[in-house]
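Chains, contacts and geometry: an overview
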Amino acid sequence: MKIKVLGCSGAEFPKHHFSSFLIDGKILLDAGSIADVLDEKDQLKIKSIFITHAHLDHIKGIPFLADNILIGNKQGRVDIFSIPPVIKAIKEDLLNDVVWPDFTKIPRGLGSILRLNKLKHGEPLRIDGYCIIPFKVNHAVPAVGYLIETPTKRRLFYSGDTGPTGETWKKIPAKIDCLILDVTFPDKVEGEAIRTGHLTPGLLRMELSKMKNMPERVYVTHTKPQYLKTITSELKRLRINHLRLLKGGESIEL
Ligand SMILES: [Zn+2]
Ligand SMILES: [Zn+2]
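Residues numbered from 1 in each chain as written. Chains lettered and ligands numbered in written order. Predicted model: local features only at pLDDT ≥ 70, side-chain atom pairs only at ≥ 80, totals over all residues. Heavy atoms only, no water.

Focus: helix α3 (residues 61-72)
Taking 1.5 Å of rise per residue, 12 residues should cover 16 Å, and α3 covers 16 Å from first to last C-alpha, within 8% of that figure. By the burial criterion, the buried members of α3 are G61, I62, P63, L65, A66 and I69. Buried residues belonging to α3 abut α1 (40-43), β4 (48-50), α2 (56-59), β5 (78-82), α4 (84-94) and β6 (114-118). (Helix = DSSP H or I, 4+ residues; strand = E, 2+ residues; numbered from the N terminus. Expected span 1.5 Å × (residues − 1). Buried < 20%, exposed > 50% of the residue type's maximum accessible area, 1.4 Å probe, protein only. Contact = heavy atoms within 4.5 Å.)

Quick look at the structure:
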């Protein structure tokens, strides 16, 4: 499995793009950045998008991708997957023919460019040889993280945005090889992190201590660039091996 980090930022600035992780060129986890990072050829290869929650920094790439598919490949189809409240928000608040055209109905008569698909917590979906399972996480709005298992049983868990959550770690069945986890804020604003459903380096350490098995690798995502320096030194002080901040544009092999 090759995971390309299109964006892993908790705020938008030049060179800091919102959350989007491209798996083997065709499955996307979150859609914070697509058309602002990928060229047309690579945009048209995306076949499935798994959304963790409906916050704009995780869905804003969808409408612009659909628009580019209409020009670049009218036959192109993309399946969007998530839990029902997220699908509802995408349909009613984003692709509502007011904020943006409803690409679940375009082009008319030919089958639509976007197809919205509902997932259930804990129920596996098999796609392109991968098994993908959504698990509820604790955020300000309904949200899931995704467990992605390769045919050789390598496991990635991408948390999306999450605050402290005991239940998620109890439900995930087996050892995770690679964990991508939210650290949005530094320790000094822990109260704000908890209130908004995010983690700090200190809260991250507590989450890791709740897991039965320590993941082989831990990557930190969704950091606010304004706090990058502070968070970097706080993470260093945790002295956890195989833990580091993700960088936009890098690729990880699993
Ligand atoms: Zn969020
Ligand atoms: Zn976010």
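That shown, we press on.
Brief notes about the sheet that holds strand β14 (residues 251-253)
Pairing is mixed across the open sheet formed by seven strands, whose spatial order is β6-β5-β4-β3-β2-β1-β14. Only two strands of the sheet have a single neighbouring strand rather than two, namely β6 and β14. Each strand of the sheet is rotated relative to its neighbour by a mean of 20°, with strand direction disregarded. Of the strands in this sheet, β4, β5 and β6 touch α3, which is tilted by about 165° from β5. (Pairing = 2+ DSSP bridges. Axes fitted to C-alpha atoms, helices over the stretch in contact; angles between N-to-C directions.)

So, the pattern of salt bridges
In total, this model carries 16 salt bridges according to the counting rule given. In this structure, the salt-bridge partner of K153 is E149, at a minimum N-O distance of 3.2 Å. Put simply, E207 and K210 hold a salt bridge, and the shortest N to O gap is 2.6 Å. Residue E207 and its partner K210 are located together in helix α7 (residues 201-210), separated by three residues, close to a single helical turn. Exposure remark for E207: the relative accessible area of 1% places this residue in the buried category. Accessibility expressed as a relative area gives 39% for K210, which makes it partly exposed. Through salt bridges that share partners, E12, D36 and K60 make up one connected network. (Salt bridge = Lys/Arg side-chain N within 4 Å of Asp/Glu carboxyl O.)

Observations concerning the coordination of the zinc ion (ligand 2)
Binding of the zinc ion (ligand 2) to the protein goes through D57 (OD), H58 (NE2), D161 (OD) and H222 (NE2), at separations of 2.1 to 2.2 Å. Here the zinc ion (ligand 2) binds four donor atoms, and the angle range of 91 to 166° at the metal identifies the geometry as irregular. Between the zinc ion (ligand 2) and the zinc ion (ligand 1), a separation of 3.5 Å is found, and both are coordinated by D161. Pair noted here: H58 is in helix α2 and D161 is in the loop between β10 (155-158) and α5 (166-171), with a separation of 103 residues, a long-range link. (Donors = N, O, S within 2.8 Å, 3.2 Å for Na, K, Ca; no water. Tetrahedral: all angles 85-135°; square planar, octahedral: opposite > 155°, others 65-115°.)

Looking at the coordination of the zinc ion (ligand 1)
Donor atoms from the polypeptide that coordinate the zinc ion (ligand 1) comprise H53 (NE2), H55 (ND1), H139 (NE2) and D161 (OD), at 2.1 to 2.3 Å from the metal. Geometry at the zinc ion (ligand 1) is irregular, judged from its four donor atoms and the angles of 90 to 165° they form at the metal. One chain supplies every donor for the zinc ion (ligand 1), spaced along it as H-x1-H-x83-H-x21-D. You can call H139 buried: its relative accessible area is 11%.

Concerning the pairing of β10
On β10, burial covers both faces: R155 and F157 on one face and L156 and Y158 on the other are all buried. Once strand β9 (residues 143-149) ends, the chain turns through five residues before running back antiparallel as β10, passing K153 with a positive phi of about 70°. By the bridge criterion, three bridges tie β10 to strand β11 (residues 178-182) in an arrangement that is parallel. Along β11, the bridge assignment pairs F157 with L179.

Some points on the pairing of β5
Of all the five residues making up β5, five are buried; the element is thus mostly covered by neighbouring parts of the structure. Here β5 shows a buried face lined by V78, I80 and S82 and a second buried face lined by D79 and F81. Of the pairings in the sheet, the one linking β4 to β5 comprises three bridges and is parallel in character. Each bridged residue has a counterpart across the sheet, and for I49 the counterpart in β5 is I80.

Comments concerning the nonpolar core
Residues I49 and L156 are the most contacted members of the largest nonpolar core, which totals 51 residues. Once residues within four sequence positions are removed from consideration, I49 is found in contact with L28, A31, I34, L65, V78, D79, I80 and F81. In this structure, F135, L147, L204 and V218 belong to the second largest nonpolar core, which totals 27 residues. (Core = buried A, V, L, I, M, F, W, Y, C linked by side-chain atoms within 4.5 Å.)

Let's talk about the side chain of E234
Mapped onto the fold, E234 is located in helix α8 (residues 228-237). Aside from chain neighbours lying at most four places away, what touches E234 is P186, D187, K188 and P201.

Here we look at the sheet that holds strand β13 (residues 243-245)
The strand order β7-β8-β9-β10-β11-β12-β13 describes an open sheet built from seven strands, whose pairing is mixed. Looking along the sheet, the strands with just one partner apiece sit at the ends: β7 (125-127) and β13. For this sheet, the mean inter-axis angle between neighbouring strands, taken without regard to orientation, is 20°. Where β9 meets β10, four bridges bridge the pair, whose relative direction is antiparallel. Considered in β10, the bridge of L147 is made with F157.

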